[in-house]
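# Observations on chain architecture
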Amino acid sequence: MPDADLALGIDLGGTTFSVGVLDREGRLLAETSHQTPQSGNPDEVLEELGRAAQRLARDTAPERGIAGLGIGIPGPVDPHTGLIKQCPNLHVLDGVNAARVLHRVTGLQVVIANDAYSATLAELRHGAGRGCRYMALLTLGTGVGGGIAIENRVLRGPRQILGEVGHLIIQPGGPKCGCGNHGCLEALTGRQAIVDLAVRKLQQGRPSRVGDIVGAEHEQIDPRLIADQARDGDALCAEVMDEVGHYLGLAICNIIVLCDPDKVILGGGIAAAGEVLFGSIRRTVRHAGRISRFDPANIVPAELGNRAGMVGAASLVWEHLA
Ligand SMILES: [Zn+2]
């Protein structure tokens, strides 16, 4: 279809999914968000996603053709066959060929990818990595994910593991990681690790405004509170952000010598901490990454926020189909 100049993208999450319509220049023409179906068989779940995407396209630009549909999955996939290997927050889709079902429902060509791949592609094409040929993205949240672009392409490798930066080993014998190993970046800088670090310092009897705010209810501590207090000059919280930034900086030094990135982009909720985190990261990279002569000013925040997954999913269409 020569006039098919729009792409649909779906970012699937365990509780909500978002849908967007993107043109070839990466302009987001419309987007919607929906509850992820929590019941039904795999076909019904995927049908609901596909129909939501088609409805959005019809409501936005009924006269324009759709070149294809991309979907980002929060788990490992086989992009070549369209199979979802595992979908940890939506197990009904484990082992399902999502590309085949979505094609049957929508009649569109379908590309699937892991959500970290989608987010990396989005930042490379339309976000903070525009114009870079080499780029690394780290997404800092409950887990630590990311992706690597080399020669202007996001790579995942033959076993789909390339770019899983959360499992770089940063502290041998350190805290246990979800993957079963000890001392991975994710076990040191994931959401829970940051909270645990603050709690350990509070339990030593150290004064902190966080202690004044939550009292003994340590489960109320979250990384945003720690970052806010660090920014306000709380010494304990500043120390937590410093340590977290140091571990991230070491990981980034390793990434730099492997990928020689033009930019290292940090996204996800934890990256919203801003300078109290970025300052520590840049100091570590300046000191530990001398050989690369990487300019720490090229460690920058992501630009697309929580739209990255959806924009990236739609970008898959221009990358792999059009
Ligand atoms: Zn791990």
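The structure reproduced in this document is the subject of the present report. Keep in mind it's a predicted model, so treat the numbers as computed, not measured.

### Let's talk about the pairing of strand β1 (residues 6-12)
- Counting buried positions along β1 gives seven out of seven residues, so the element sits mostly inside the fold.
- Linking β1 back to strand β2 (residues 16-23) in an antiparallel pair, the connection comprises three residues.
- Where β1 meets strand β4 (residues 66-73), six bridges bridge the pair, whose relative direction is parallel. If you follow L6 over to β4, its bridge partner there is I66.

### Focus on the sheet that holds β2
- On the basis of which strands lie adjacent, the open sheet formed by five strands has the order β3-β2-β1-β4-β7 and mixed pairing. A single partner strand is all that each edge strand has here, and the edge strands are β3 (28-35) and β7 (110-114). Direction aside, neighbouring strands of the sheet carry axes that sit 20° apart on average.
- One ladder, built from five bridges, connects β4 with β7; its direction is parallel. Opposite I71, over in β7, you have I112 as the bridge partner.
- Sitting on the sheet, helix α2 (residues 98-106) is in contact with β4 and β7, with an inclination near 145° to β7.
- With respect to the sheet, helix α3 (residues 115-126) is in contact with β1, β2, β4 and β7, its orientation differing from that of β7 by roughly 100°.

### Quick look at the pairing of β2
- The buried fraction of β2 amounts to seven of the eight residues, a majority that puts the element mostly inside the structure.
- Pairing of β2 with β3, which is carried by seven bridges, proceeds in the antiparallel orientation. For F17, the partnering residue across the bridge sits in β3 and is H34.
- Here β2 folds back onto β3, and the loop between the two strands holds four residues, one of which, G26, carries a positive phi near 85°.

Cut-off values and rules
Residues numbered from 1 in each chain as written. Predicted model: local features only at pLDDT ≥ 70, side-chain atom pairs only at ≥ 80, totals over all residues. Heavy atoms only, no water. Buried < 20%, exposed > 50% of the residue type's maximum accessible area, 1.4 Å probe, protein only. Helix = DSSP H or I, 4+ residues; strand = E, 2+ residues; numbered from the N terminus. Pairing = 2+ DSSP bridges. Axes fitted to C-alpha atoms, helices over the stretch in contact; angles between N-to-C directions. Contact = heavy atoms within 4.5 Å.

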